[in-house]
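Spelled out, the chains give:
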Amino acid sequence: MTKRLIMSAPNGARRGKADHPQLPVTIEEVVSCAVSVEAEGADALHAHVRDAEGQHVLDAGLYKELILEVSAMCPELAVQITTEAVGRYGAQEQYDVVAAVEPEAVSVALREMVPDGGDMDLARRFYHEAKEAGRAVQHILYAPEDVARLDLLMGEGVVPAGYGSQLYVLGRYAKDQESDPRDLLGFLAARDAAEHIGLDNPFMLCAFGRAETACGALAFGHGGHARIGFENSLWHGSGKLARDNAERIQVVAHIRSEMGYEGAVSRDEVLKVLGKPQ
């Protein structure tokens, strides 16, 4: 497969204008960013929404508005919402926002939807209903142990076997949140050892700090895809501060091309990589 996707993650849940003046916070700013990153080679947008104070929220109305506005300006750009809890939201609230928005794609942290001691019946309903709806679910995994746990939950039927795609988060717990590209190897080993996930299950990675570019290139080389943007890194590999999200996409898209890969040719192709059931 010569296709390698780049997803733009332009803002996340924690950073704001004080971190970078070009970090988009309002819906209008995110839409403008979507236009610019698509022009530079992004295949999808990973979207967070903020309230009037700039705080990350799981707000169905804001998500619907954002999806509508982005789709009007970028009809071929797939939009993935997130259920990221940031310590504020429980599994029920994550379930509720997805049920209300009915997005075509969503990223869900396994540790947050199925925490130790959590409601397994709720989790089972969430994942099975998402599959029945044809929704692309991307499992956020913070360590190789999460891959093993996802495999276990698939074996137990909490998550349908082989359903969804995976997002490997490199360096979430590293010192100063500086990622090491070699961390990808542990995730791949865990995937190789899995019984229910499937070796053809798509994976993407995101990484923190200056290593974001190198980690993305390594993902391409191992058959995966990359999530790039100000949510995880404001810097190029040289340590230079990026002008904006579009410049980050431009740099990584150039590397993708030089490695002999290309982006997606259709929205359906993107959704398959993001975990749409076949």
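Above this text is the structure in question.
What you see is a predicted model, and the numbers here were worked out from it, not measured in a lab. (Residues numbered from 1 in each chain as written. Predicted model: local features only at pLDDT ≥ 70, side-chain atom pairs only at ≥ 80, totals over all residues. Heavy atoms only, no water.)

1. With respect to the nonpolar core
No. 1: Counting 56 residues, the largest nonpolar core has Leu66, Val70, Tyr127, Tyr168 and Leu170 as the members making the most contacts within it.
No. 2: Met7, Val169, Leu271 and Val273 belong to the second largest nonpolar core, which has 18 residues in total. (Core = buried A, V, L, I, M, F, W, Y, C linked by side-chain atoms within 4.5 Å. Buried < 20%, exposed > 50% of the residue type's maximum accessible area, 1.4 Å probe, protein only.)

2. Remarks on unusual backbone geometry
No. 1: Here the phi dihedral of Val86 falls at roughly 45 degrees; this positive angle occurs in a residue that is not glycine.
No. 2: On the accessibility criterion, Val86 (23% relative accessible area) is partly exposed.
No. 3: The phi angle at Glu102 is positive, at roughly 55 degrees, despite the residue not being glycine.
No. 4: Mapped onto the secondary structure, Glu102 falls in the loop between α3 (91-101) and β6 (105-109).
No. 5: Overall, Glu102 belongs to the exposed group, its relative accessible area being 60%. (Helix = DSSP H or I, 4+ residues; strand = E, 2+ residues; numbered from the N terminus.)

3. Some points on the sheet that holds strand β10 (residues 225-228)
No. 1: The eight strands are arranged β1-β2-β5-β6-β7-β8-β9-β10 in a closed barrel whose pairing can be described as parallel. Strand-to-strand twist across the sheet, computed as the mean angle between neighbouring axes with direction ignored, equals 25 degrees.
No. 2: Across four bridges, the pairing between strand β7 (residues 136-141) and strand β8 (residues 165-170) is parallel. Bridged to Ile140 within β8 is Leu167. (Pairing = 2+ DSSP bridges. Axes fitted to C-alpha atoms, helices over the stretch in contact; angles between N-to-C directions.)

4. Digging into the environment of Arg14
No. 1: For Arg14, the location among the structural elements is in the loop between β1 (6-8) and α1 (27-39).
No. 2: For the pair Arg14 and Phe230, spaced 216 residues apart in sequence, the C-alpha to C-alpha distance is 10 Å.
No. 3: Filtering out sequence-adjacent residues up to four positions away, Arg14 remains in contact with Arg50, Glu84, Val86 and Arg172.
No. 4: Of the polar contacts made by the side chain of Arg14, one reaches the side chain of Glu84; its length is 2.8 Å. (Contact = heavy atoms within 4.5 Å. Polar contact = N/O pair within 3.5 Å; in protein donor to acceptor, adjacent residues only side chain to side chain.)

5. Regarding helix α6 (residues 144-155)
No. 1: Look at α6: 17 Å from first C-alpha to last across twelve residues, which is about the 16 Å you get at 1.5 Å a residue.
No. 2: The inward-facing, buried residues of α6 contact α4 (110-113), α5 (120-132), β7, β8 and α7 (184-193).
No. 3: Gly157 sits one or two positions beyond α6 and adopts a positive phi of about 85 degrees. (Expected span 1.5 Å × (residues − 1).)

6. Side note on the pattern of salt bridges
No. 1: One pass over the full model with this rule turns up 13 salt bridges.
No. 2: Notably, a salt bridge pairs Glu29 with Lys17, separated by 3.1 Å at the nearest N-O pair. Linking Glu29 in helix α1 with Lys17 in the loop between β1 and α1, this pair joins segments that are twelve residues apart in sequence.
No. 3: Measuring nitrogen to oxygen at the nearest pair gives 2.7 Å for the salt bridge that ties Arg182 to Asp180.
No. 4: Under the relative-accessibility criterion, Arg182 is labelled exposed at 62%.
No. 5: Overall, the relative accessible area of 23% leaves Asp180 in the partly exposed class. (Salt bridge = Lys/Arg side-chain N within 4 Å of Asp/Glu carboxyl O.)

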